[in-house]
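Chain residues, written in single-letter form:
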Amino acid sequence: MPKNPNVKKVMVIGSGPIVIGQAAEFDYAGTQACRSLKEEGIEVVLVNSNPATIMTDRDIADKVYIEPLTTKVLEQIIEKEQPDSILPTLGGQAGLNLGMELEESGFLASHNVRLLGTTAATIRKAEDRQEFKDTMERIGEPCAASLVVENVEDGVAFTNTIGYPVVLRPAYTLGGSGGGIAHNQLELEEILENGLRLSRVGQVLVERCIAGWKEIEYEVMRDGAGNCITVCNMENIDPVGVHTGDSIVVAPSQTLSDKEYQMLRTSALNIISELNITGGCNVQFALHPTSFEYCVIEVNPRVSRSSALASKATGYPIAKVAAKIALGYTLDEIKNAITGKTYASFEPTLDYCVVKMPRLPFDKFLTAKRTLTTQMKATGEVMSICTNFEGALMKAIRSLEQHVDSLRSYDFSALDSEALLRRMQKVDDQRIYVIAEALRKGIDYNTIYEITKIDRWFIDKIAILVEMEHALETQPLSLELLKEAKRLEFPDSVIARLAGMEESAVKQMRDANHVTASFKMVDTCAAEFEASTPYYYSCYDGVNEAVETNPPKKVLVLGSGPIRIGQGIEFDYCSVHATWAFSKAGYETIIVNNNPETVSTDFDIADKLYFEPLTPEDVENIVNIEKPDGAVVQFGGQTAIKLTESLMKMGVPILGTKAEDVDAAEDRELFDKILEETQIPRAAGGTVYTAEEAKEVANRLGYPVLVRPSYVLGGQGMQIAISDEEIEEFMEIINRIAQDHPILVDKYLQGKELEVDAVCDGTDILIPGIMEHIERTGVHSGDSISVYPAHTITPQVKETIAEYTRRLAKALHVKGLINIQFIAVGEKVFVIEVNPRSSRTVPYISKVTGIPIVDLATEVIIGKTIRELGYEPGLQREAEYVAVKMPVFSFEKIRGAEISLGPEMKSTGECLGIAKTFNEALYKAFLGAGIDLPKHKRMIITVKDADKGEAIEIGRRFSKLGYTIYATRSTAKALNDAGVKANKVNKLQQESPTVMDLILGHKIDLVIDTPTQGRDKSRDGFLIRRTSIETGVNCITALDTAKALATSLENKNDNPLTLVNIAEL
Amino acid sequence: MKAFLILEDGTVFEGIQIGADREVVSEIVFNTSMAGYLEVLTDPSYAGQAVCMTYPLIGNYGVCKDDMESKKPWPDGFIVRELSRNFSNFRADFSIQQFLEENNVPGIAGIDTRALTKLLREKGTMNGMITTDAHYKLDEVLPKLKAYTTGKVVEKVTCKEKYEIKGSSDLSENGAISGRARFVPTDYEAGKRERKPSLVKALNGAGMQVALLDFGMKDNIAYSLKIRGCNVSVYPATTPASEIITANPDGIMLSNGPGDPKECAAIIEEIKKLYNTEIPIFAICLGHQLMALATGADTYKMKYGHRGGNHPVKDLATGRVYISSQNHGYVVDMDRLDPGVATPAFVNVNDGTNEGLNYTGKNIFTVQFHPEACCGPQDSGFLFDRFIDMMKDAKAEVTR
């Protein structure tokens, strides 16, 4: 079927800010889809509130709206742009829900807009639990049997028909409390009775327990003519019970025979056909480990995180093909871009093994529960490819950048067998290391299997790695042993450590014996057809097939690895743009990265893609083959920067700012010298290694002080300390990980925080604009609301900032990007930190000002001057628009995480509000972040003593807005004394109703709770904040944020928003 | 022990010996299926060939005897990158190592199978030798390799005597419907194992009598008929047409099998006679090629054939594309078809080669791919139902 000629203008809905469970994969999918649509000559209108994405670039879509993703806004855009179609299946669940709402309200029909791809009826069938179950039953596909019961007898009777064990889930209880698994009638009666009592509506869901079954996924494609294929299947190493996003996943499945493989494949095709899905779809199964019984867990009628993974694992571009299918093409009409010979209507076959590991944020949330459940917690993931499973696992581990490089990276050797088995019961991110230790202690596979339900095949593979560790420790390092260790992807550093040698000696032994990595191609077809796409992975047991190229100029672009808090999608944006800019300048481009969710790892972004860990050894393997003329590290965040020294040792010139200058910005003493030379003030401080030294410096400066490790991103480990005890506590936490560099202790200054990104060509400097943070210093810049242009500082301060930026960039010999954070206390400006590299705010400021910063920086790196590029150096004229960047958090996903804001970054994503006026931009930003008030016009205020004065003003403003205020005793007194009416509520430990009851009553819009200084020691405040988040109540922990929200509400009106097409700026 | 794979172009791969310790010369082919190595090993169409699996990790789920497509492995040799030292599957009976050893199949592991595959893709299928003799002399080995042909292999693999398979009279005989198979631990321990799950939801072919000519049949062809209710008589490849015609079956199936179809001159003569009857015929793979040769068409050897579970075939009547299981090195020449005799019914989407024929004015259709799957996708299993419907229609025609 050829393309539908009636489709000429399509609106694509993005997925909004990055949150856990909805991350960079949708930028990848959306970008691929938009390019695919434009290729077909279709006009693309893109809507996404997330400015850090590549999809919101003016060269990706024709019209770009960085606007809040609400139905109202989308309706307005549809009325303005009049697209003939919308494509909602590429923007995750958020995009899909919006598309459905527009369809169901009749808006699309009345505006003659068609929903492309899968129909609304299909989406309903897949998403509605009951309809889905009924559909599955009709076609004979089994789901886990379940029933809602209201008494114990019904529960017992039902369980008798489905068999034990069963999972019990009381309806409407917080975080699943009162539920559990019953293995027999006694347990069932007990849990059921309790659950029925706890449930607000007296209902408990009784469900067949499939925990411990194998979790298998299929990625399926189907076109309008009914042709369907499976792109890939994947096996979760962790059995059912852990969200697939948090599981270690392998592709293809390893422990299924063809009978099981085909049984589930056929089922997946039956399901997608019955649901009448057109496009991409993900089907998840639970497969009984010792029978052919299976259950359909879930179907996602859209591209998903798993489909991004499947795309990268196989080379099959799912989003691109889904977009073509949406236009009416059939699978056999779409060419396979990798081979150029075959078509999209074939199934990729792999001749390698792929392992995905989640990047979990427990290093950021120390108080959070590490337990992995059906609620996803990972912020990102890494993927690795190798010819064997062990190697792929080893590569994935070292790609995580969490100070892990082998199965010994978490030490459980102190636990005896009994303690190990107990520890193994805990399903968390460290379990694989516990299993390895159990194997070291000689615990047998069956015991491990019985506890973990991890298939014995995987346990055996872990055992092979453990045996290799042992061999390296106990045997002399023979050539045979070395070769085998490398085949299993043991890095030289680990081999050296185990064998008691120097890493350089291992390297020498390898070089002398030609034990080198070779590269194999990902070609979708296991070499059956010739492929022309240079998408490579390394292995140690094969001949090299990376094609030698000798272009005039060749550049290595180092990516930013897994998405984590503090190093998000922004750096992928920068890497991709830099790659494109180099390409335009005639360079052959090579990307190295290991993140399957990103645009940068799409095979047609750079001339060559190496899907590899970003460690010095892995990068050196690539350098040896490619011999690039230079490498750029300034776009890939800290991941890439960390590789600078190693690259120089390999003889690869660093393009742009020199390594020693990067060092000078990070090294306290060198930097102090530069500040002295340039006469720029900073907060007084010192460098320390021990708690004793830290206390000494702190007392000299006077509390409060900022404590932080150097060379970190996102303020990891940064804290404000107010006492010697806190210093001790923080130093202990920081020093848990061996620090290569000293720890910084600075005087804490309270003032306005300001930020600039600039491009320097060595002589001139271009400053697109100055951003101002709403929150005062002390809140990490990534978690602050940021406003461009800076709106409350004087022209004099702006001039000072521009001047300081100029001086610093010149002193650091910056060639390319520089990011600087300042504090303004009155008219006086202090520098906080300087990063001679790309930053989180680069995409945002580029989009608002229309100045393509990364492209300019790349040109400058290549040798052009700012003037040659057509720009007048200096601080650029302010744009006509105000842009407000709002942080977005995922606290509800991580149980036990402290939500109060501080110097350590906690947000997972951001959205942008852009408008002619500050007030409208601010309103849009709050709306985009999902803070849409009022609903009940009731709020709770509970603040620490020091904040009471400011809290009164805030209370007065909300009171004027019609809010009923509830407050704990002392806050209520302060408010009432000042004439702001506040209802006193009891504290937690007092009698009911307490503040907690109020929150749990679901009638509160907002909680303002400022934690006591430093790490909040009060359990009360913590509980209030957690409960608010978990019940969906907005909780604000910084008074500045509360003030901004009041401003936004005061200026709210019913006028339609003014829409801004970024592409026209 | 070290082992060597020597190719006819002089390339030598060094690996480790697996399976039987025995030297073998054969035609080297590759299969791209990611699961289903046992089905590949027990597919008689591989007689006279040594198979290289492109998927690197083989043996993970051991050998589940239930999954064998014939009574023994047929390839002359087995070539893998890595043979799993341990296996894990609830149905596994023993390891693949044991299976190869017990059945005297030699093999080699630890070689770069991707490099081998690329070589075969670029140079075409080659002959080769698997040996553990480190002192091999290329100048002696290479002429031997060049001289090798698979020859008349059908006679080696076909059944010696006719046998009967009774069609299922009740769906429960087919084992559990896919996905519903319940695990009862006591049954399993008692040896009452689950059969493979069945996709069939109705006994469409109840009472039908099918004559199945075994040229090297995969068991699942007969089983696919049986679970639909058909009674199947399996005949040796050399059975005279007259014997089959006399038995008066409702339909005839020509099975898959190994080797060059043109080696089967005598069989082709018999198939001509079957063609001239009014009995509905459905043929798969070698059977499809033999029917084409019997009716004046031609076949040729492909550069490196189609072996795997991911080949798209397009039904020219409907435009629908199905993913199919394939194993063939020869193909019917589409340019030399007489439309008065046969027209293409299916083509391969990748390379446009013929994947099936409809015989003009006859109740005959044939396919190059494997609707019986095993290993591979089950998408085209409906063709068995199409055959059953054809038999029913023909029967209705006769009674009318």
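These figures come from a predicted structure and were not determined experimentally.

Rules and cut-offs
Residues numbered from 1 in each chain as written. Chains lettered and ligands numbered in written order. Predicted model: local features only at pLDDT ≥ 70, side-chain atom pairs only at ≥ 80, totals over all residues. Heavy atoms only, no water. Helix = DSSP H or I, 4+ residues; strand = E, 2+ residues; numbered from the N terminus. Rg over C-alpha atoms; globule rule 2.2 N^0.38 Å. Buried < 20%, exposed > 50% of the residue type's maximum accessible area, 1.4 Å probe, protein only. Contact = heavy atoms within 4.5 Å. Areas by Shrake-Rupley, 256 points an atom, 1.4 Å probe, with all protein chains shown as cover. Buried area = accessible area lost by both parts, 1.4 Å probe. Salt bridge = Lys/Arg side-chain N within 4 Å of Asp/Glu carboxyl O. Pairing = 2+ DSSP bridges. Axes fitted to C-alpha atoms, helices over the stretch in contact; angles between N-to-C directions. Patch = residues over 30% accessible without salt bridge, like charges linked within 9 Å, V, L, I, M, F, W, Y side chains within 5 Å. Lys, Arg positive; Asp, Glu negative; His and termini not counted. Charge placed at Lys NZ, Arg CZ, Asp CG, Glu CD.

### Details of the overall build of chain A
In step 1: Helices and strands together make up the secondary structure of chain A, namely 36 helices and 39 strands.
In step 2: Taking 31 Å as the expected radius of gyration for a compact globule of 1065 residues, we find that chain A reaches 29 Å, a close match to that expectation.
In step 3: Its C-alpha atoms give chain A principal-axis dimensions of roughly 75 × 75 × 70 Å.
In step 4: Burial status across chain A gives 66% buried among its 1065 residues.
In step 5: For chain A, the share of sequence-separated contacts (at least 6 apart) that also reach a separation of at least 24 residues comes to 70%.
In step 6: Carbon together with sulfur atoms contributes 49% to the accessible area of chain A, which is approximately 35500 Å² in total.

### Considering the interface of chain B and chain A
In step 1: Contacts between the two partners involve 58 residues from chain B, matched on the other side by 72 residues from chain A.
In step 2: Carbon and sulfur atoms make up 48% of the surface buried where chain B meets chain A, a total of about 5400 Å² over both sides.
In step 3: The largest per-residue losses of area from chain B upon contact with chain A belong to M34(B), R85(B) and R114(B), which jointly make up 13% of the total buried on that side.
In step 4: The interface formed by chain B and chain A contains 13 salt bridges.
In step 5: A salt bridge links E82(B) to K461(A), with the shortest nitrogen-to-oxygen separation between them at 3.2 Å.
In step 6: Elements supplying a minimum of two residues to the side of chain B that touches chain A: α3 (113-123), β15 (299-315) and β16 (321-332) of chain B.

### Topic: the sheet that holds strand β18 (residues 535-539) of chain A
Residue and element names in this part refer to chain A.
In step 1: Taken together, 6 strands build an open sheet; the order of strands is β17-β18-β21-β20-β19-β22 and the sheet is mixed. This sheet does not close on itself; its edge strands, each paired only once, are β17 (518-521) and β22 (630-632). Ignoring which end each strand starts from, the neighbouring axes of this sheet average 30° apart.
In step 2: Here 5 bridges tie strand β19 (residues 554-558) to strand β20 (residues 588-593), and the two strands are oriented parallel to one another. Residue pairing in the sheet places V557 in a bridge with I591 of β20.
In step 3: Each of β19, β20 and β22 touches helix α20 (residues 570-584); the most contacted strand, β20, lies at about 160° to it.

### Structural notes on the side chain of T299(B)
In step 1: Tracing the backbone shows T299(B) in strand β15.
In step 2: If we skip the residues at most four places from it in the chain, T299(B) touches P261(B), K262(B), Q289(B), L293(B), V331(B), V332(B) and D333(B).

### As for unusual backbone geometry
Negative phi is the rule for most residues except glycine; trans is the rule for most peptide bonds.
In step 1: Following Y164(A), the chain continues into P165(A) via a peptide bond in cis, with omega recorded as -5°.
In step 2: Among the secondary structure elements, P165(A) is positioned in the loop between α7 (152-162) and β7 (166-170).
In step 3: Look at the link from A251(A) to P252(A): it is a cis peptide, with omega at -10°.
In step 4: With respect to the helices and strands, the residue P252(A) is situated in the loop between β12 (249-251) and α9 (258-274).
In step 5: The phi angle at K937(A) is positive, at roughly 55°, despite the residue not being glycine.
In step 6: Within the secondary structure, K937(A) is located in the loop between α31 (918-928) and β35 (938-942).
In step 7: Accessibility expressed as a relative area gives 32% for K937(A), which makes it partly exposed.
In step 8: One non-glycine residue, N104(B), lies in the positive phi region at around 60°.
In step 9: Structurally, the position occupied by N104(B) is in the loop between α2 (96-102) and β8 (106-109).

### Regarding a negative patch on the surface
In step 1: There is a patch of like negative charges on the surface, built from D128(A), E131(A), D134(A) and E137(A).
In step 2: Look at E131(A) and you get partly exposed, because its relative accessible area is 35%.

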